[in-house]
Amino acid sequence: MNIIFNIKYNTAWGQKLLITGSCAELGNNSIYAAKEMHYRNGGEWQLETTLPGSVRELKYNYILEDENGIRKIEDPHLAHHISFTGGYEAYLLHDYWLPEPADRVFYTSAFTKNLFARQEEKRTDGNPKSSNDIILRLNAPKVTPEQTVAVTGNQPCLGNWNTDCALILSGANFPQWETVFRAEDISFPLEYKFIVLEKKTNKLCYWEKDSNRTINAPCENRKGCMIIHDYPLKTPDFLWKACGTVIPVFSLRSENGFGIGDIGDIRKLVDWAKKTGQHFIQVLPMNDTTYSHTWKDSYPYSAISIYALHPLYINIPMLGSLKDPERVRFYNAMQQKLNATDTVDYEAVTACKTGYFREYFRQEKENILNNSDFKNFIAENEEWLVPYATFSYLRDKNNTADFSQWGEYAQYNRKKIESFRQPENEAYDELSYSFFIQYTLHTQFGIIAEYARKNGVVLKGDIPIGINRKSVEAWTEPEYFNMQGQSGAPPDAFSDTGQNWSFPTYNWQTMEKDGFAWWKKRFRNLNHYFDCFRIDHILGFFRIWEIPLEYTEGLCGRFRPALPLSKEEIENYGMDVFDEQWARPRIHIRYLPAIFGKETDMNSLYGFLSHADAEHLVLNEICSTQRKIKKIFEGRTDTKSQVIREGLMTIANEVLFLEDPYKRKHYHPRISAGKSYAYSELPDENRDAFNRLYNDFYFLRHNEFWKQTALNRLTPLIYNTEMLVCGEDLGMIPASVHEVMEKLQIFTLELERISKVSNREFTDLYTLPYHSVCTTSTHDMNPLRAWWREDRDKTQRYYNSVLKYEGEAPRECSSAIAEQIISNHLKSSSMLTIIPLQDWFATDDGIKRKDPNAERINIPADPDNEWCYRMHITLDALLRAEGFNNKIKTLITANGR
């Protein structure tokens, strides 16, 4: 099979073009094994090759090599593609260089496989019309399912510019469109233009922009098929908008539920979304979080596996029934009891559903183990599935997820655990059970994901920035993690002392060596079920807030990577000669009353503090770190103990600088140091110098450094996934974040109540980036009605300045006010408005919950928060609430979504 590749590209002196593709003859997609093309006149480059008949399809990309031998591939996300199914003996390909598209988001699977997907369209090139066919192809991703693409031009076969006689293209390979006609029907030069028609009526919607396209007579006088990959459709301005709902899966409630939402409930949520005109459903992470078998496992951002789904999300009716009538009656009674609870009783639900799963597995074990689909699932997912199942077995056998206590298995050894899979091994049944659980989850979720796609509803997943330090990946791939650090967040609106998530930080240098394979596999796994996902705390790709292990709070963290200051640099800002005491916790005795109140007398503090000098105290060795302080006061709940504990924690934070653990004698100014007692002690001139140093360090020094760091990490990951990518970019945001996210077309997160513009209290919803998600609240904050009560003064300002009402704000957020707030968000300039389910409920007095304070999901400042929020009505009842549903649909439609 003879193939001639042609591309027009104006190269500079010393540059050349190459081509690589998915076959050995083109280097098997290797940029280094690419085949060099030959230059012809007029900027034309060509390569002629022969492919064996066994090659049925080909994906390929062009590469530009500069005068220094550095190679740059065209956008690999949009590789050229050809199927050799037409029966032609030769192919003459005319391509164009694939630039990074300005509308990349419309090439993601959220649009190509869901929102704009074509149903049951047939290909046009199944059989050749003649030996000299011309196939015309172009990309047109911004064409809705109600529309189709056609071509008209200066030829009878193209309708002679009559749109009623235009040749309609096939969208079977959407977003690529194509049509085929015979070369003998064309009189060159060919002049043409693409148009968009209504699919049902063929009525003209619009002509593409700009001048006509032209093709001169082909330079090759050969038999075969000419395939012209034309430039993308030049559509008019296209600001498509949609909306959706965000809710954790565990919060869903249905009539046949077992006290917690599950995969089957997502189907009902899809039905409700479709009924109300919504196109997105966003959920929280769904990975397995089981490390303690207690309610503490309810935290969805602390996964023990980046691949395994949580067993509790199995839908029991989809799984199957038990045969023992007595056990059926038992579980029916338990189902009614658990489903009646106001919140998720995590431990009771876990006990009940796990019991059912184990009984069902014992009942169906032989059929399950012999099932060919089950065996295929194990074979396809063995790389992560076997370590996960083994981890689960050893966790339960040793009564701890802390693998350092697993004796001979403390360090992962693949060969050592292979025997666990043998039928005679005592671990065999437990591993098989874990395989069965994950197979069931994968199968059920796959069914629901496909159901969502067919109904035009995009499922949006969530990737936590961290992993549990007692997780499968920490055990099996420790080289990817820094176990001596803890990730978290600096002080913000949620916590004055920052947040400590306790997750290990990433060893990015190691990850970069293998091309970020760990992250790419993580993204790929998510794509089984989702066409869109949110990167939790995307700021972690720029820099992470890393906290030393000895701290329990987040105040004494530092950004990593960073450019710490030398002593000389610190002094150059105008501070005195660097004082080592600035980097050691201590407190002046005059501040003790402010810290300890009535417990200030030294008798109460004896044993905890000692004099460093006549005026300063330091922590004694027994309580020299926050970790030690926490252990001393564990279980002591009396007021005196709590006051002393908090006071000692405060003193542990009393530093102006933190030494960098990776670059000795270099320092980070402590975050929020201006609020510290140590700062108050500084002379005025030192305070002024420290302020200059602090502002430069946190707001100027790292901008370009963090920008390049994020681009190096995120670019290969974004180009490696077909999902629509969103990022949670709240908090202390480096100036370069928006630039990087805009360049990579990662959607930002926008909240009206958290402005990203300095000196502006509330966000202007009408100037938001188009590539953004606008929402009224997140799981880390109060929903609308509880927020309205949160800060009376702020509510009053919002009522007057944003909602434009005069007078005193009502004490409660009425359904009318909630409706207006949501309507404003739907009018925003964001492509996506995704509203928490609780806030949708707030618009209707007959639907909303009585107690607004019962709707909050998480309190970030509370490390012992139990994630147990449940809908107060069932999805079944919600689907029947015609008045409410019509109100939501009208609200959405009226606001152009």
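Residues numbered from 1 in each chain as written. Predicted model: local features only at pLDDT ≥ 70, side-chain atom pairs only at ≥ 80, totals over all residues. Heavy atoms only, no water.

## A word on the pairing of strand 19 (residues 242-246)
Threshold: For every residue, the accessible area obtained with a 1.4 Å probe (protein chains only) is divided by the maximum for its type, and the residue is called buried under 20%, exposed over 50%, and partly exposed between those limits. Elements are defined by DSSP. Helices are runs of H or I of four residues or more, strands are runs of E of two residues or more, and each kind is numbered from the N terminus. When DSSP locates at least two bridges between a pair of strands, those strands are taken to pair. We call a crossover right-handed when, viewed with the strands running away from us, the connection from the first strand over the helix to the second turns clockwise.
For strand 19, the buried fraction is high: 5 of the 5 residues fall into the buried class. Of the two faces of strand 19, the one lined by Ala242, Gly244 and Val246 and the one lined by Cys243 and Thr245 are each fully buried. Across 5 bridges, the pairing between strand 19 and strand 36 (residues 832-836) is parallel. Its bridge partner being in strand 36, Gly244 is matched across the sheet by Ile834. Direction of pairing for strand 19 relative to strand 20 (residues 280-282): parallel, over a ladder of 3 bridges. Of the residues in strand 20, the one forming a bridge with Thr245 is Ile281. Each parallel crossover has a hand, and the one from strand 19 via helix 2 (residues 263-275) to strand 20 is right-handed.

## Examining the packing of aromatic side chains
The cut-off we apply is this: Each pair of aromatic rings taken from Phe, Tyr and Trp, with Trp reduced to its six-membered ring, is defined by centres within 6.5 Å and is described as stacked if the planes are under 30 degrees apart, edge-to-face if over 60, and tilted in the remaining cases. Here, a charge over a ring means that NZ of Lys or CZ of Arg falls within 6 Å of the ring centre while also lying within 35 degrees of the ring normal.
As enumerated under the stated definition, the model contains 74 aromatic pairs in all. Measuring from ring centre to ring centre gives 6.0 Å for Tyr301 and Trp867, while their planes differ by 50 degrees; the resulting arrangement is tilted. You can see Tyr301 sitting in the loop between strand 20 and helix 3 (316-319) and its partner Trp867 sitting in the loop between helix 24 (837-841) and helix 25 (875-880), a full 566 residues away along the chain. Consider the rings of Phe762 and Tyr798, whose centres lie 5.2 Å apart with planes at 65 degrees: the pair is edge-to-face. Of this pair, Phe762 sits in the loop between strand 34 (748-751) and strand 35 (772-775) while Tyr798 is found in helix 22 (residues 792-801), placing the two residues 36 residues apart along the sequence. Just as Phe762 is buried, Tyr798 falls in that class too. Here the aromatic cluster, defined as three or more aromatic residues joined through ring pairs, consists of Trp545, Phe559, Phe578, Trp582, Phe657, Tyr667, Tyr679, Phe690, Tyr694, Phe697, Tyr698 and Trp706. Positioned above the aromatic ring of Tyr451 is the side chain of Arg267, whose terminal nitrogen or guanidinium carbon lies 3.8 Å from the ring centre.

## Let's talk about the environment of Thr245
What counts here: Two N or O atoms form a polar contact when they lie within 3.5 Å of each other; inside protein one atom must be a possible hydrogen donor and the other a possible acceptor, and for residues adjacent in sequence the pair counts only when both atoms belong to side chains.
Here Thr245 is to be found in strand 19. Between the C-alpha atom of Thr245 and that of Ile281, which follows or precedes it by 36 residues, the distance is 5.1 Å. A distance of 2.9 Å separates a polar atom in the side chain of Thr245 from a polar atom in the side chain of Trp840.

## Some points on helix 19 (residues 703-718)
To be explicit about the condition: Under the convention used throughout, the expected extent of a helix is 1.5 Å for every residue step, that is, one less than its residue count. Note on bend: at a given residue it equals the angle between the axes fitted to the 7 residues ending there and to the 7 starting there. Contacts are assigned to residue pairs that have any heavy atoms within 4.5 Å of one another.
With 16 residues, helix 19 extends 21 Å between its outermost C-alpha atoms, agreeing within 8% with the 22 Å of an ideal straight helix rising 1.5 Å per residue. Taking the largest bend as the criterion, helix 19 deviates by roughly 25 degrees, centred on Asn712, and proline Pro716 comes between one and four positions later. For helix 19, every residue scored as buried is listed here: Trp706, Lys707, Thr709, Ala710, Leu711, Arg713, Leu714, Leu717 and Ile718. Close packing links the buried residues of helix 19 with helix 10 (508-513), helix 11 (517-526), strand 24 (532-535), strand 26 (558-560), strand 33 (724-727) and helix 20 (737-743).

## Comments concerning the sheet that holds strand 20
As a general point, the strands of a sheet are linked pairwise by backbone hydrogen bonds and lie either parallel or antiparallel. In plain terms, the rule: Geometry is summarised by axes, namely lines fitted to C-alpha atoms with helices restricted to the contacting stretch, and by angles between N-to-C directions that run from 0 to 180 degrees.
Here 8 strands make up an open sheet; going across it, the order is 33-24-21-20-19-36-35-34 and the pairing parallel. The open sheet has two free edges, formed respectively by strand 33 and strand 34, since each of these has just one partner strand. Adjacent strand axes in the sheet meet at a mean angle of 25 degrees, parallel and antiparallel pairs treated alike. In this sheet, strand 24 lies alongside strand 21 (residues 458-463) in parallel orientation, the contact comprising 4 bridges. Bridge assignment links Gly461 to a residue of strand 24, and that residue is Phe533. In the packing of helix 11 onto the sheet, the strands contacted are strand 21 and strand 24, and the crossing angle to strand 21 comes to about 150 degrees.

## With respect to the pattern of salt bridges
Short version of the rule: In the sections that follow, a salt bridge refers to a side-chain nitrogen of Lys or Arg positioned within 4 Å of a carboxyl oxygen of Asp or Glu.
One pass over the structure, following the stated rule, counts 45 salt bridges. For Lys16, the salt bridge is made with Glu65, and the minimal N-O distance between the two is 3.5 Å. Placement of the pair is Lys16 in strand 2 (residues 16-21) and Glu65 in strand 6 (residues 57-65), with a sequence separation of 49 residues. We classify Lys16 as partly exposed; its relative accessible area is 22%. A salt bridge links Lys268 to Asp876; its shortest N-O distance comes to 2.8 Å. Here Lys268 is found in helix 2, whereas its partner Asp876 is found in helix 25, with 608 residues between them in sequence. Lys268 sits in the buried class, given a relative accessible area of 18%. Among the ionic contacts, a cluster of salt bridges with common partners joins Lys16, Glu36, Glu65 and Arg71.

## Notes on the pairing of strand 25 (residues 544-548)
In terms of residue burial, strand 25 counts as a mostly covered element, since 5 of its 5 residues are buried. Because side chains alternate across strand 25, one face comprises the buried residues Ile544, Glu546 and Pro548, and the other comprises Trp545 and Ile547, equally buried. Direction of pairing for strand 22 (residues 481-489) relative to strand 25: antiparallel, over a ladder of 4 bridges. Note on strand 25: the bridge partner recorded for Gly485 is Pro548.

## Thoughts on empty space enclosed by the protein
Our working definition: With a 1 Å grid laid over protein atoms only, a set of points is called a cavity when a 1.4 Å probe fits there but cannot get out and a pocket when it is open yet has protein on both sides within 12 Å along at least five of seven lines; lining residues have an atom within 4 Å of a point. Grid points are joined across faces, edges and corners, and a volume is the space filled by probe spheres set on the points.
What the rule picks out here adds up to 7 cavities of 30 Å³ or more. Empty space within the largest cavity amounts to approximately 270 Å³. Around the largest cavity, the lining is made up of 26 residues, and of these Val246, Gln282, Ser777, Thr778 and His779 lie nearest the centre. For the second largest cavity, the lining is made up of 17 residues, of which Met286, Asn287, Ile306, Asp462 and Leu526 are closest to its centre.

## A look at the packing of helix 4 (residues 325-339) against helix 5 (residues 346-369)
Quick note on the threshold: Any angle that falls under 35 degrees is termed roughly parallel, while one over 145 is termed roughly antiparallel, one within 65 to 115 roughly perpendicular, and all others oblique. Each crossing gets its hand from how the near helix is turned against the far one by less than a right angle, where anticlockwise is left-handed and clockwise is right-handed. Polar here means any residue outside two lists: the nonpolar Ala, Val, Leu, Ile, Met, Phe, Trp, Tyr, Cys and Pro, and the charged Asp, Glu, Lys and Arg; Gly therefore counts as polar.
Close contact between helix 4 and helix 5 brings their axes to 11 Å; oriented N to C, the two are set at 155 degrees. In this view, helix 4 runs roughly antiparallel relative to helix 5, as classed from their interaxial angle. In the crossing of helix 4 with helix 5, the sense of the turn from one axis to the other is left-handed. Contacts between helix 4 and helix 5 involve Arg327, Tyr331, Met334 and Leu338 from the former and Ala348, Val349, Cys352, Gly355, Tyr356 and Glu359 from the latter. In the contact of helix 4 with helix 5, the residues fall into 7 nonpolar, 1 polar and 2 charged.

## Quick notes on the sheet that holds strand 22
Pairing in this open sheet of 4 strands is antiparallel, and the strands run 23-22-25-26 from one edge to the other. What marks the edges here is a single partner per strand, and that holds for strand 23 (499-506) and strand 26. Here the average twist between neighbouring strands, direction ignored, is 55 degrees. Pairing between strand 25 and strand 26: 3 bridges, direction antiparallel. The partner of Trp545 across the bridge, within strand 26, is Phe559.

## As for unusual backbone geometry
Omega for the bond connecting Phe188 with Pro189 falls within 30 degrees of zero, at 5 degrees, which places this linkage in the cis form. With respect to the helices and strands, Pro189 occurs in the loop between strand 14 (176-182) and strand 15 (190-198). If you check the backbone angles, His293 has positive phi at about 60 degrees while not being a glycine. Here His293 is to be found in the loop between strand 20 and helix 3. In this structure, Asn759 is a non-glycine residue whose phi angle is positive, near 65 degrees. Considering the arrangement of structural elements, one finds Asn759 in the loop between strand 34 and strand 35.

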